[in-house]
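Here is how the chains run, residue by residue.
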Amino acid sequence: MMKRVYNFSAGPSVLPEQVLRRAADEMLDYQGSGQSVMEMSHRSKVYEGIIHSAESLLREVMAIPSNYKVLFLQGGASTQFAMVPMNLMTGSNKADFVLTGQWATKAQKEAARYGSANIVASSKDKTFSYIPELDPSTFTKDADYFHICLNNTIYGTKYHTLPETGDVPLVADISSCILSEPINVSKFGLLYAGAQKNMGPAGLTVVIVREDLVGHAMEITPTMLNYQTHVDNGSMFNTPPCYSIYICMLVLDWLKNEIGGLEEMKKINEKKAGILYDFLDQSKLFHGTVVKKDRSLMNVPFVTGNEEMDAKFVKEAAAADFVNLKGHRSVGGMRASIYNAMPTEGVEKLVEFMKAFEKNNA
Ligand SMILES: *Cc1c(COP(=O)(O)O)cnc(C)c1O
């Protein structure tokens, strides 16, 4: 008998079962081509169909305006920490950063190698458990961009309102919230995301960039790290992560046709997160670690306040097939990542399990 667990991993993470089944069906013979997608030339007509439909589905699902380029790259979100400054920090050579967690901090540190990476605010004083209030009068007026991490995967916070940056392009790492709800792309100069949280398998990084921001890279920029290279070559300057793009296409197809788009996805995600947060808010054993108004829809950290009890919970949960619930080492406790592909039933059953655990450990 095949077994499927409820997987709360922060990434790589759960994928829709329908997507995995379709990939399995098409594994040996993709639509009469007689080949697996893993085996085919990226220059073939059949593969061109896949990458084009991945892009057009992403454009449609996210309502990406036509003056934005969509790039399918490699190197993870972490490569964007360098690629963004190399390509964008070329006017005043200054950029602003808000430190809301480990990823935002890494982005700032990497950018500081290429220019002046100014920290406008930080929530490090309270283990990144909130999104700091921002005062636009403290922003760098002539910055080349303003960088945020929209959803903080490790700490479980999310921006519910965007900073007002005026003419300074807003750049956001949306690795752990892309496709979780509608986003107004036109508010941003550039968006980037590693695919392995909410879009598909690891190995693919999606960049959405306003076209006027492309073409100004620093002289030292390696060809492969210049957005212009990938714009000019339709993400095919070299071999793209072919199979990851294919799975991403299937995920987008599922989002559009099974879920009904991002408005519907948001409703489902709000319902799921609500089930877990409502329980945490009344539990005598478990509590959330984040300021309520800044809570993430995707990543939900919680603790009992007792490390031994946390460890016992994680162990017993895993034995009951609720896996990957251990929190990040910098927060401790537990974290349930409830990405798009986590069914509502998975969260309901987790809460039932938590209730029983609370009763047994009262
Ligand atoms: C996972 C994650 C990263 C790191 O992504 P890689 O693809 O492993 O480089 C960066 N930012 C955020 C917000 C993440 O969740």
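Residues numbered from 1 in each chain as written. Predicted model: local features only at pLDDT ≥ 70, side-chain atom pairs only at ≥ 80, totals over all residues. Heavy atoms only, no water.

As a further point, take the site of the ligand. Taken together, the neighbourhood of the ligand is formed by 13 residues, with Ser78, Thr153, Asp173, Gln196 and Lys197 sitting nearest. Between an oxygen atom of the ligand and a main-chain N or O atom of Ala77, the distance comes to 3.1 Å. The contact in question runs from an oxygen atom of the ligand to an N or O atom on the side chain of Ser78, over 2.6 Å. Starting from 390 Å² of accessible surface for the ligand in isolation, the protein chains cover 86%. With four residues, the top contributor of residues to the shell around the ligand is helix H3 (residues 76–88). Here the residues of the shell around the ligand sort into four nonpolar, seven polar and two charged. (Near = heavy atom within 4 Å. Polar contact = N/O pair within 3.5 Å; in protein donor to acceptor, adjacent residues only side chain to side chain. Areas by Shrake-Rupley, 256 points an atom, 1.4 Å probe, with all protein chains shown as cover. Helix = DSSP H or I, 4+ residues; strand = E, 2+ residues; numbered from the N terminus. Nonpolar A, V, L, I, M, F, W, Y, C, P; charged D, E, K, R; others polar.)

A word on the packing of aromatic side chains. How two aromatic rings sit relative to each other is set out by the distance from centre to centre and by the angle between their planes. Throughout the structure, instances matching the rule amount to 15 aromatic pairs. Ring centres 5.2 Å apart and planes at 55° place the aromatic pair Tyr243 and Tyr246 in the tilted group. One end of the pair, Tyr243, and the other, Tyr246, are both in helix H6 (residues 242–259), three residues apart, so they sit about a helical turn from each other. The interplanar angle of 50° and the centroid separation of 5.8 Å between the aromatic rings of Phe313 and Phe353 together place this pair among those described as tilted. Highlighted residues: Phe313 in helix H8 (residues 307–319) and Phe353 in helix H9 (residues 344–360), separated in sequence by 40 residues. Note on accessibility: Phe313 and Phe353 belong to one class, buried. (Phe/Tyr/Trp six-rings, centres within 6.5 Å; stacked < 30°, edge-to-face > 60°. Buried < 20%, exposed > 50% of the residue type's maximum accessible area, 1.4 Å probe, protein only.)

It is worth spelling out the nonpolar core at this point. Counting residues in each nonpolar core, the largest one holds 60 residues, and the members touching the most others are Met62, Leu179 and Tyr246. At 13 residues, the largest contribution of residues to this core is made by H6. In this structure Leu179 touches Leu58, Val61, Met62, Asn198, Met199, Leu252, Leu255, Leu262, Met265 and Asn340, once residues within four positions along its chain are discounted. (Core = buried A, V, L, I, M, F, W, Y, C linked by side-chain atoms within 4.5 Å. Contact = heavy atoms within 4.5 Å.)

In short, the description is geometric, and any link to function would need to be established separately.
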